[in-house]
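A look at the structure
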Amino acid sequence: MMNAFGVDIGTPSRFIMLNSAARYVAIAIAMVVGIWIFGTFSSIMTALIVRLTMDILDLYAGLASGLIDSSTGVVQSCIMFILPNLVAIVTLIRIKARFSGGK
């Protein structure tokens, strides 16, 4: 697509492509196992925190590499990835507190 605009983006490194794929497969496995198979508070929280950490590191890498170069990219990353993860974590903590009798 970028060729249509005359922008040469080069070819992606095989290592980077495999590394990205492996990372997303590992996160997917952790979330499926943590949330749907074990289903304990700790395993679900671990899966959500791992996902949040990966999203924060992705945002940092995008900023450091110059791939994200405007506030629009930061806002998009926060709205699409970081905030939903935080909402899920806070909701899980509130549900656990409600069912365990805490406030």
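You'll find the structure just up there.
Presented here is a report on the structure given in the accompanying data block. Every value quoted in this text rests on a predicted model; they were computed, and no experiment measured them. Residue numbers run consecutively from 1 along every chain, following the written order of its sequence. Owing to the predicted nature of the model, reporting of local features is limited to residues with pLDDT of at least 70; listing and counting of side-chain atom pairs is limited to 80 or more, with chain, interface and lining totals taken over all residues. The basis for the side-chain values is all heavy atoms of the structure; hydrogens and waters are excluded.

1. A few points about the overall build of the chain
Short version of the rule: By definition, any uninterrupted DSSP run of H or I lasting at least four residues is a helix, any uninterrupted run of E lasting at least two residues is a strand, and each is numbered from the N terminus. Throughout, a contact is declared for two residues whenever any of their heavy atoms are within 4.5 Å.
Along the chain, the regular secondary structure elements total three helices and zero strands. When the elements of the chain are put in sequence order from the N terminus, they spell out α-α-α. Taking the intrachain contacts of the chain between residues at least 6 apart in sequence as the baseline, contacts between residues at least 24 apart amount to 58%.

2. Describing the environment of Gly 34
Note the threshold: To sort residues, take the accessible area from a 1.4 Å probe on protein chains only and compare it with the maximum for the residue type: under 20% means buried, over 50% means exposed, and anything in between is partly exposed.
As for its placement among the helices and strands, Gly 34 is situated in helix 1 (residues 14-38). You can call Gly 34 buried: its relative accessible area is 5%. C-alpha of Gly 34 to C-alpha of Ile 44: the two residues are ten residues apart in sequence and 5.0 Å apart in space. Leaving out residues up to four positions away in the same chain, Gly 34 has contacts with Gly 39, Thr 40, Ser 43 and Ile 44.

3. Some details on helix 2 (residues 41-65)
How we decide: A helix is expected to reach a length of 1.5 Å times the quantity of its residues less one.
A rise of 1.5 Å per residue sets the reference length of helix 2, with its 25 residues, at 36 Å; its end C-alpha atoms lie 36 Å apart and thus fit the reference within 8%. Of all the residues in helix 2, the buried ones are Ser 43, Ile 44, Met 45, Ala 47, Leu 48, Arg 51, Leu 52, Met 54, Asp 55, Leu 59 and Gly 62. On its buried face, helix 2 is in contact with helix 1 and helix 3 (71-100). Gly 66, located one to two residues past helix 2, shows a positive phi value of around 85°.

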